[in-house]
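Results of the structural survey
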Amino acid sequence: MPLKPVKSNDLCNSLLLNTADAVIVSDSAGNITYVNPAFVKLIGAQEDEIIGHRLNSFILADWLDSSTVEEESKSGAESNGTPRPATILTKSGTEFVMPAAHFIAASGSDNMTIVYVVQANSLQQAQTEFVSTVSHELRTPLTSIKGFADTILRAGDRLEVAQQRRYVGIIRDQADRLTRLVEDLLAVSRLESKKLQLTVRALDLREAIERVEQNLSDKAKNHTLVVQVPAGLTPVWADADRLEQILTNLVDNAIKYSPQGTTVTVSATVAPADEKHSGPEMIEFAVKDQGVGIPEEHLPQVFSKFGRLDNPLVRQTEGTGLGLYITRSLVLALGGQIHVTSVPGCTTFTVRLPAATFEQQVARGRGD
Ligand code: ADP
């Protein structure tokens, strides 16, 4: 019996439902109008938590903004349809950089239907790359520890005491570096496996900032630290240890990536109401430095795992490249937002966290 011809609609449906590639469709205003099951699975949310929401709540890339897409389509630019890196934001706050391609499926006088395809098996590739980067990061301090230990063993009696002390000092510093790396990796693993346990309560931001300032006072001895928090600012609704970790990472970076003698300012205020999102009142704090800055094209990269940028100050400073990834994940887990602006001589990281409601503050007053 001859086979019936397949209807192209049925074929499309079946492909979209069964392909491992994640497919998202948006209008030109960046509102999501369709997602296939692979995308729903990738994000870890329900379909109705995605459809109707903004594209940039789930997928971020400089090439994603609709005016760029429109311009590219008019100029027939080659990048249309070519996979380029995009950051996928999952519901749990973790993120993956994966190749994604887009093309315009239909275009009317004032609207377009844009299809985005996030390539499957790139998640596995991202994980493999992560393992290989981690191995490399672990090997560097290990090589140095082994090298200096071998030298001391081989030539110990011929080395001067001062030289021996210097080598042992290097071994200890490299062991410290390994410890930091392993701690950061454990934090990443806890965040990604959703094992993060939060104890949220009403917290006074000034107290938290002053504690962090105290802890970092040794590192900050060549900088001026300024704290600007208005008296009586509404407390934030957050977990004390995580809030301290977020502040520590941001202030530590501000000190590391700015020259001695400059000022780091930590300020806090009630965030201006966001017209686009109605939600709880938010408190905003900003960490501002007078340092080298981050080139605009590298801004999204700083929140990625191992997103260290290559510049002289970064090469001179210790770091794992995981700090801002962890910071961002913690801010998201606390229901907040983080963003960065930077020009040479002024970098500002701004964090918004939910304000504690009156009832939550009263509970705190009772010694919660
Ligand atoms: P690291 O351990 O390298 O500090 P982070 O994740 O904290 O890792 O930061 C990632 C990268 O972002 C840094 O390596 C640096 O290149 C850049 N960066 C972070 N904060 C600043 C800042 N305040 N000024 C300039 N560059 C910064």
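Residues numbered from 1 in each chain as written. Predicted model: local features only at pLDDT ≥ 70, side-chain atom pairs only at ≥ 80, totals over all residues. Heavy atoms only, no water.

**Examining the pattern of salt bridges**
- If you walk through the whole model with that rule in mind, you get nine salt bridges.
- Here E244 ties to R211 by a salt bridge, and the two come within 3.0 Å at their closest N and O atoms. Note that E244 is positioned in helix α7 (residues 240-256) and R211 in helix α6 (residues 205-215), a separation of 33 residues in sequence. (Salt bridge = Lys/Arg side-chain N within 4 Å of Asp/Glu carboxyl O. Helix = DSSP H or I, 4+ residues; strand = E, 2+ residues; numbered from the N terminus.)

**Some words on the site of the ligand**
- Near the ligand you find 20 residues, and of these Y257, D289, R308, T320 and L324 are the closest.
- Within the contact set of the ligand, an oxygen atom lies 2.8 Å away from a side-chain nitrogen or oxygen of N253.
- D289 is positioned with one of its side-chain polar atoms (N or O) 2.8 Å from a nitrogen atom of the ligand.
- Protein coverage of the free-state accessible area of the ligand, which is 540 Å², stands at 98%.
- Of all elements in the fold, only α7, α9 (323-333) and β13 (346-354) reach the threshold of two or more residues within the shell around the ligand.
- Take the shell around the ligand: its biggest share by element is three residues, from α7.
- Residues that form the shell around the ligand fall into these classes: nine nonpolar, eight polar and three charged. (Near = heavy atom within 4 Å. Polar contact = N/O pair within 3.5 Å; in protein donor to acceptor, adjacent residues only side chain to side chain. Areas by Shrake-Rupley, 256 points an atom, 1.4 Å probe, with all protein chains shown as cover. Nonpolar A, V, L, I, M, F, W, Y, C, P; charged D, E, K, R; others polar.)

**A few points about empty space enclosed by the protein**
- Per the stated rule, a full pass over the model turns up one cavity of 30 Å³ or more.
- Each pocket or cavity is described by its volume, and for the largest cavity that value is around 50 Å³.
- I209, V212, E213, L225, V227, L247, V251 and V266 are the residues that line the largest cavity.
- Residue contributions to the lining of the largest cavity peak at three residues, all from α6.
- Of the residues in the lining of the largest cavity, the class split is seven nonpolar, no polar and one charged. (1 Å grid on protein atoms, 1.4 Å probe; cavity = no way out; pocket = protein on both sides within 12 Å on 5 of 7 lines; lining within 4 Å. Points joined across faces, edges and corners; volume = space filled by probe spheres on them.)

**Some points on the sheet that holds strand β11 (residues 282-289)**
- Pairing within the open sheet is mixed, and its five strands lie in the order β8-β10-β11-β13-β12. The strands lining the two open edges of the sheet, one partner per strand, are β8 (224-228) and β12 (337-343). Direction aside, the axes of adjacent strands within the sheet are offset by 15° on average.
- As judged from the seven bridges shared by β12 and β13, these two strands associate in the antiparallel manner. Counted as the bridge partner of V340 is F349 from β13.
- Seen against the sheet, α7 touches β8, β10 (263-270), β11, β12 and β13 and runs at an angle of roughly 25° to β11. (Pairing = 2+ DSSP bridges. Axes fitted to C-alpha atoms, helices over the stretch in contact; angles between N-to-C directions. Contact = heavy atoms within 4.5 Å.)

**Some words on the sheet that holds strand β1 (residues 22-27)**
- Strand order across the open sheet formed by six strands is β2-β1-β6-β5-β4-β3, with antiparallel pairing between neighbours. Only two strands of the sheet have a single neighbouring strand rather than two, namely β2 (32-35) and β3 (59-60).
- Pairing between β1 and strand β6 (residues 112-118): six bridges, direction antiparallel. When the bridges of β6 are listed, V25 appears paired with V115.

**Description of the packing of aromatic side chains**
- Scanning all chains against the criterion turns up three aromatic pairs.
- Geometrically, the ring pair formed by F39 and F58 is edge-to-face, given 6.5 Å between the ring centres and 80° between the ring planes. Here F58 lies in the loop between α2 (37-43) and β3 and F39 lies in helix α2, a separation of 19 residues in the sequence. Exposure class is identical for F39 and F58. Each is buried.
- A centroid spacing of 5.0 Å and a plane angle of 50° characterise the contact between F148 and Y167, whose relative ring orientation is tilted. Placement of the pair is F148 in helix α4 (residues 122-155) and Y167 in helix α5 (residues 161-192), with a sequence separation of 19 residues.
- Relative accessible area serves as the criterion here: at 11%, Y167 is assigned to the buried category. (Phe/Tyr/Trp six-rings, centres within 6.5 Å; stacked < 30°, edge-to-face > 60°. Buried < 20%, exposed > 50% of the residue type's maximum accessible area, 1.4 Å probe, protein only.)

**What to know about the nonpolar core**
- Counting residues in hydrophobic clusters, the biggest one holds 50 residues, and the most contacted among them are L205, L243, L250, F285 and L353.
- The element best represented in this core is α7, accounting for seven residues.
- Two domains each provide a minimum of three residues to this core, namely domain 2 (125-192) and domain 3 (200-363).
- For L243, the residues in contact, after removing those within four places along its chain, are L203, L205, A208, V236, F285 and L353. (Core = buried A, V, L, I, M, F, W, Y, C linked by side-chain atoms within 4.5 Å. Domains from an automatic or database assignment.)

**Let's talk about α5**
- In a regular helix each residue adds 1.5 Å, so 32 residues correspond to 46 Å; α5 covers 46 Å between its end C-alpha atoms and thus fits that length.
- Within α5, burial applies to Y167, G169, I171, Q174, L178, L181, D184, L185, A187, V188 and L191. (Expected span 1.5 Å × (residues − 1).)

**A short note on a nonpolar patch on the surface**
- Nonpolar side chains collect at one region of the surface, where V6, L11 and L15 lie side by side and expose about 310 Å² of accessible area between them.
- With respect to the helices and strands, L15 occurs in helix α1 (residues 8-18).
- Residue L15 is classed as exposed on the basis of its relative accessible area, which comes to 53%. (Patch = residues over 30% accessible without salt bridge, like charges linked within 9 Å, V, L, I, M, F, W, Y side chains within 5 Å.)

**Remarks on the packing of α5 against α9**
- The interhelical angle for the contact between α5 and α9, taken along N-to-C directions, is 30°, at an axis separation of 10 Å. Crossing angle aside, the handedness with which α5 passes α9 is left-handed. Contacts between α5 and α9 involve D184, A187, V188, L191 and E192 from the former and Y325, I326, S329 and L330 from the latter.
- Each residue belonging to the contact of α5 with α9 can be placed in one class, and the counts come to six nonpolar, one polar and two charged. (Left-handed = near helix turned anticlockwise from the far one by under 90°.)

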